Amino acid sequence: MNEYVFFQRALSPWMNEEGPDSDIVLSSRIRLARNMKQYSFPTVFTNEEAMQIIQSFEQLFSQRRLGHIGPFFLLKMNELQSIEKRVLVEKHLISPHLAEDCTFGACLLSEQEEASIMINEEDHIRIQCLFAGFQLKEALKMANALDDWIEQHVDYAFDEKYGYLTSCPTNVGTGLRASVMMHLPGLVLTQQINQVIPAINQLGLVVRGTYGEGSEALGNIFQISNQITLGKSEEDIVEDLTGVVRQLIEQERMAREALVKTSNIQLEDRVYRSYGVLTNSRIIGSKEAAQCLSDVRLGIDLGYITNVPKTILTELMILTQPGFLQKYAGGALRPQERDVRRASLIRERLYQWK
Ligand SMILES: Nc1ncnc2c1ncn2[C@@H]1O[C@H](COP(=O)(O)OP(=O)(O)OP(=O)(O)O)[C@@H](O)[C@H]1O
């Protein structure tokens, strides 16, 4: 496999699977923050230290094969074009911080893109595992396996009392963030989301947008994760989040049922109008596209639309982001040009399923 494929395909191979509860939970993620004992934290390390860290990972992964996860590919930020870095951000494989601010940053990607390890981001090592649907426990298992393997070769910064030491105190302890990406159009349409978000926050969990901290919830997609990393075991953090997500799934299903009962024809109309916009418009902005894709996804889940596979919608959510549009166009595009390209790309993809 050639590294170039990471920038070409919008749909990561792991996204092709239908995970459990995938009508509501789009994906599950575990990320672990770790640091190496012998180096200063990335906030203060020297360029030399940063390069040594990358070198040690280059050697460690030179075999490129790690148990059943298979080969890994190392991509250095200072060797990538800015559009390529943006594409990796849009695929949730690296953070905007690594792409934009970390000259001596790198990432290791597995072939299926379900595992990614960021080097020299906010911490020396950030291990991330992604699974389709509601599979937090499976993601934790894979992240732990990767973590154990790395720990055999690297001395982690660890304190008997506090656990894993990290750049930001909010990650000290387990260094673990567990999160799910949820599609919650029912709770948004019934306006219950306005009560649900504060209630989730009170339970010590955080609700974020599609692209993490500081981002908007595009197309009714919300990311829910744990806030606390200290004083609880990894398993308890995942268990607590799992309990809340189960309740949210129930609430979303009930909201959808209530909408079908009370306003079936209005809902069907909304779904088909959005389908009409996607299949006919000549200019479309990213927010409108995300909203229409959300309506059509709901339409598929409720059985109104049967001819469109959901993976096409997932792919379009990523493909219509600015980085991908420009990658396909072969260069920079002005916002208006992007809106025209976005519309034609969506029409082309959906045309195959008419
Ligand atoms: N369940 C998930 N499925 C797919 N992508 C996810 C999921 N959860 C988070 N992400 C993606 O991971 C990236 C980082 O998210 P976020 O900023 O919330 O977290 P973080 O890595 O835990 O960082 P920090 O510790 O700085 O808050 C974002 O692109 C986000 O969309």
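Since we're looking at a predicted model, the values are computed, not measured.

### A look at the domain arrangement of the protein
We note that the domain assignment places domain 1 (1–15 + 27–173) and domain 2 (253–352) within the protein. Computed over C-alpha atoms, the centres of domain 1 and domain 2 are 31 Å apart. The interface of domain 1 with domain 2 comprises 13 residues on the first partner and 13 residues on the second. Around 1200 Å² of area is buried between domain 1 and domain 2 when both sides are counted, 69% of it from carbon and sulfur atoms.

### A few points about helix 8 (residues 234–280)
Given a rise of 1.5 Å per residue, 47 residues ought to cover 69 Å, yet the end C-alpha atoms of helix 8 are separated by just 48 Å, more than 12% below that figure. Remark: the principal bend of helix 8, roughly 110°, maps to Ser-263.

### Focus: the site of the ligand
The environment of the ligand is made up of 19 residues, and the closest members are Ser-27, Arg-31, Arg-177, Ser-179 and Arg-208. His-92 is positioned such that a nitrogen or oxygen atom in its side chain is 2.8 Å from an oxygen atom of the ligand. In the environment of the ligand, a nitrogen atom lies 3.4 Å from a nitrogen or oxygen atom belonging to the backbone of Met-181. Among the secondary structure elements, those contributing two or more residues to the shell around the ligand are strand 1 (25–34), strand 6 (125–132) and strand 9 (176–183). In terms of residue class, the shell around the ligand is built from four nonpolar, eight polar and seven charged.

### Regarding the packing of aromatic side chains
How two aromatic rings sit relative to each other is given by the distance of their centres and the angle of their planes. According to the stated counting rule, one finds nine aromatic pairs in the structure shown. For the ring pair Phe-61 and Trp-149, a centre distance of 5.2 Å and an interplane angle of 65° mean the geometry is edge-to-face. With Phe-61 in the loop between helix 2 (47–60) and strand 2 (65–66) and Trp-149 in helix 5 (residues 136–151), the pair connects residues that are 88 residues apart, well separated along the chain. Under the relative-accessibility criterion, Phe-61 is labelled buried at 4%. These aromatic residues form a ring-pair network of at least three members: Phe-57, Phe-61, Phe-72 and Trp-149. Above the ring of Tyr-156, the side-chain terminus of Arg-34 is found at 5.8 Å from the ring centroid.

### Description of the packing of helix 5 against helix 8
The interhelical angle for the contact between helix 5 and helix 8, taken along N-to-C directions, is 160°, at an axis separation of 10 Å. Classed by the angle they form, the pair helix 5 and helix 8 counts as roughly antiparallel. Here helix 5 runs over helix 8; the crossing is right-handed. Contacts between helix 5 and helix 8 involve Leu-136, Lys-137, Leu-140 and Asn-144 on the former and, on the latter, Glu-234, Glu-235, Val-238, Glu-239, Leu-241 and Thr-242. The class makeup of the residues in the contact of helix 5 with helix 8 is four nonpolar, two polar and four charged.

### Some details on the nonpolar core
Of all hydrophobic cores here, the largest spans 55 residues; its most connected members are Leu-75, Leu-88, Ile-94, Cys-107, Leu-278 and Ile-305. The element best represented in this core is helix 9 (residues 286–301), accounting for seven residues. With residues up to four places along the chain from it excluded, the contact list for Ile-305 reads Val-271, Tyr-272, Tyr-275, Val-296, Gly-299 and Ile-300. Leu-32, Phe-61, Ile-193 and Ile-249 belong to the second-largest nonpolar core, a separate cluster that totals 54 residues.

Cut-offs used in this document
- Residues numbered from 1 in each chain as written.
- Predicted model: local features only at pLDDT ≥ 70, side-chain atom pairs only at ≥ 80, totals over all residues.
- Heavy atoms only, no water.
- Domains from an automatic or database assignment.
- Contact = heavy atoms within 4.5 Å.
- Buried area = accessible area lost by both parts, 1.4 Å probe.
- Helix = DSSP H or I, 4+ residues; strand = E, 2+ residues; numbered from the N terminus.
- Expected span 1.5 Å × (residues − 1).
- Bend = angle between axes of the 7 residues up to and from the residue.
- Near = heavy atom within 4 Å.
- Polar contact = N/O pair within 3.5 Å; in protein donor to acceptor, adjacent residues only side chain to side chain.
- Nonpolar A, V, L, I, M, F, W, Y, C, P; charged D, E, K, R; others polar.
- Phe/Tyr/Trp six-rings, centres within 6.5 Å; stacked < 30°, edge-to-face > 60°.
- Buried < 20%, exposed > 50% of the residue type's maximum accessible area, 1.4 Å probe, protein only.
- Lys NZ or Arg CZ within 6 Å of the ring centre and 35° of its normal.
- Axes fitted to C-alpha atoms, helices over the stretch in contact; angles between N-to-C directions.
- Parallel < 35°, antiparallel > 145°, perpendicular 65-115°, else oblique.
- Left-handed = near helix turned anticlockwise from the far one by under 90°.
- Core = buried A, V, L, I, M, F, W, Y, C linked by side-chain atoms within 4.5 Å.

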